[in-house]
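Analysis of the macromolecular model
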Amino acid sequence: MPARSYAFFDLDHTLLPFDTQALFCNFVLHREPWRVLLHGLFVPVALARACGLASTATAKRAFLSYLRGMPRERLARYAREFAEVCVPKWAYPSLRAEILRHKHQHRVLVLNTASPDFYAHEIAQALGFDHCIATRFEVGAKFPGMPRLVTGNNKHAAKIAAMEEVVPGLTELTDQERAHSWSYSDSAADLPLLEYAGYGVLVHPSRSLAAIGRQRGWAILHPERPYDNKLGDMLCVVLQMFGLHPE
């Protein structure tokens, strides 16, 4: 094996079958049900996003309004408990096995996600990653109604720039070392991340992404999910947003 080798993982719908933003909301609402009322601050932004009048980043900021006023210490405690108790329960066993395989083969493990940093870093630690790249929010002593993005939404090519800035050795990778690295994702938005490594692995990809994967010789995984289709996934999101989904 070359001296340096990496394994890059997306989070949502790659390591587990849900959007962790909704899953973390469900986790918090199980403990503070009254916070569901704060979704009223998100509704107009969600409608604006559906009409193309608001960006994905703005909608992401507004969705977090259910955390408004929460002290930083409590948020940190919830994030840690969520990562240690809830995420391992839902993570795909086959993807956790892949994490262990790469760890045993001495690859540097990088979690690279668009999810909020205040719980993504806890998830990375709980699952044994060496580095975590996530969307950074300015939280403050108490969570604001519309938290400011520190560096922008960590999606598409932004994942690569952020990762190269934080993870040692990436910018000096040789072609051979890159060829022995791996990338995992479910989304076409992660094509830059998938193409960054020599081996690509798709998790429940769309038909169009699966076609790209087959052309490029990428592996395709279909671990068992707690729903049958996209409609079932959307139903889970709705239940999670109201704190009605199992933890």
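The structure reproduced in this document is the subject of the present report. All chains use their own residue numbering, which begins from 1 and follows the written sequence. Given that the model is predicted, a residue must reach a pLDDT of at least 70 before its local features are reported, and side-chain atom pairs must reach 80 or more before they are shown or counted; all residues, however, enter totals for whole chains, interfaces and linings. Water and hydrogen atoms play no part in the side-chain values, which are based on all heavy atoms of the structure.

**Notes on the layout of surface pockets**
Empty space among the atoms becomes apparent when a probe as large as a water molecule is rolled across them. Where we set the bar: A 1.4 Å probe that fits into a set of points on a 1 Å grid over the protein atoms alone but cannot get out defines a cavity; an open set with protein on both sides within 12 Å along at least five of seven lines defines a pocket, and lining residues are those with an atom within 4 Å of a point. Grid points are joined across faces, edges and corners, and a volume is the space filled by probe spheres set on the points. A run of H or I in DSSP counts as a helix once it spans at least four residues, and a run of E counts as a strand once it spans at least two, with each numbered from the N terminus. Three categories are distinguished: nonpolar for Ala, Val, Leu, Ile, Met, Phe, Trp, Tyr, Cys and Pro, charged for Asp, Glu, Lys and Arg, and polar for the others, with Gly belonging to the last.
If you add up the space inside the largest pocket, you get close to 1,200 Å³. In terms of lining residues, the largest pocket is bounded by 39 residues, among which D12, H13, D19, K230 and D233 are the most central. Within the residue set of the lining of the largest pocket, elements represented by two or more residues are α1 (20–31), α2 (43–50), α3 (56–63), β2 (108–116) and α11 (230–241). Looking at the lining of the largest pocket element by element, the count peaks at 5 residues for α11. For the lining of the largest pocket, the class distribution of residues is 15 nonpolar, 12 polar and 12 charged. Looking at the second largest pocket, its volume works out to about 240 Å³. Around the second largest pocket, the lining is made up of 13 residues, and of these I133, A134, R136, T151 and A162 lie nearest the centre. For the lining of the second largest pocket, the elements supplying multiple residues, two or more each, are β3 (131–135) and α7 (158–166).

**What about unusual backbone geometry?**
One non-glycine residue, H106, lies in positive phi territory at about 65°. Following the sequence through the fold, H106 ends up in the loop between α5 (93–104) and β2. One non-glycine residue with positive phi stands out, namely H204, at about 45°. Assignment of secondary structure puts H204 in the loop between β7 (199–203) and α10 (207–216).

**Observations concerning the nonpolar core**
To be explicit about the condition: Buried Ala, Val, Leu, Ile, Met, Phe, Trp, Tyr and Cys residues that are joined via side-chain atoms within 4.5 Å together make up what is termed a nonpolar core. Throughout, exposure labels follow a simple rule: accessible area from a 1.4 Å probe, protein chains only, divided by the maximum for the residue type, with under 20% read as buried, over 50% as exposed, and the rest as partly exposed. Here, residues are in contact when the closest pair of their heavy atoms is within 4.5 Å.
Counting residues in each nonpolar core, the largest one holds 57 residues, and the members touching the most others are F9, L15, F24, L67 and F118. Here the element with the most residues in this core is helix α4 (residues 72–90); it accounts for 8 residues. The residues contacting F118, other than those within four sequence positions of it, are F24, L64, L67, L75, A79, F137, V139 and F143. In this structure, I160, L193, Y196 and A197 belong to the second largest nonpolar core, which totals 12 residues.

**Describing the environment of R74**
Put simply, the rule is: Polar contacts, as used here, are pairs of N or O atoms within 3.5 Å; protein pairs need one atom able to donate a hydrogen and one able to accept it. Residues neighboring in sequence count only if both atoms are side-chain atoms.
Mapped onto the elements, R74 comes out in helix α4. R74 sits 46 residues away from A120 along the chain, and the two C-alpha atoms are 16 Å apart. When sequence neighbours within four positions are dropped, the list of residues in contact with R74 reads E32 and R35. Reaching out from R74, the side chain makes a polar contact with the side chain of E32 at a distance of 3.1 Å.

**Considering the sheet that holds β2**
Basically, it comes down to this: Being paired, for any two strands, means DSSP has found at least two bridges between them. Throughout, an axis means a line fitted to C-alpha atoms (over the contacting stretch in the case of helices), and angles, computed between N-to-C directions, take values from 0 to 180 degrees.
Spatial ordering of the open sheet is given by β3-β2-β1-β6-β7-β8, a layout of 6 strands whose pairing is parallel. Strands with a single pairing partner mark the edges of an open sheet, and in this sheet they are β3 and β8 (219–221). Going from strand to strand, the sheet's axes swing by 15° on average, the running direction of each strand aside. Sheet topology note: the strand β1 (residues 6–9)/β2 ladder contains 4 bridges and is parallel.

**Quick notes on the side chain of D186**
This is how it is decided: None of His or the chain ends enter the tally, which takes Lys and Arg as positive and Asp and Glu as negative. One speaks of a salt bridge when a side-chain nitrogen belonging to Lys or Arg is within 4 Å of a carboxyl oxygen belonging to Asp or Glu.
Within the fold, D186 resides in the loop between β6 (182–185) and α9 (191–196). At 7.4 Å, K159 is the nearest oppositely charged side chain to D186, a buried residue that forms no salt bridge. Setting aside residues no more than four positions away along its own chain, D186 makes contact with D10, D12, H13, T14, V203, H204, P205 and L209.

**Considerations on α10**
Worth spelling out the cut-off: This arc corresponds to the set of directions leading from the helix axis out to the C-beta atoms.
Those residues of α10 that fall on the buried side of the exposure criterion are L209, A210 and G213. One side of α10 carries all its buried residues, which in axial view fall inside an arc of 100°. Pointing more than 90 degrees away from the buried face of α10 are the exposed residues R207, S208, R214 and Q215. Turning to α10, the residues buried within the fold contact α9, β7 and β8.

**Thoughts on the packing of aromatic side chains**
For any pair of aromatic rings, the description consists of the separation of the ring centres together with the inter-plane angle of the planes. Put simply, the test is: Two rings from Phe, Tyr or Trp (for Trp, the six-membered ring) form a pair when their centres are within 6.5 Å of each other. A pair whose planes differ by under 30 degrees is stacked, one over 60 is edge-to-face, and the rest are tilted. The criterion for a charge sitting over a ring is simple: Lys NZ or Arg CZ within 6 Å of the ring centre, and within 35 degrees of the ring normal.
Going through the model one piece at a time under the given rule, you end up with 20 aromatic pairs. Members of the aromatic cluster, connected to one another through ring pairs, are F24, F27, Y78, F82, F118, Y119, F137 and F143. Taking NZ or CZ as reference, R31 lies 3.6 Å from the ring centre of F27, over its face. Taking NZ or CZ as reference, R77 lies 5.6 Å from the ring centre of Y78, over its face.

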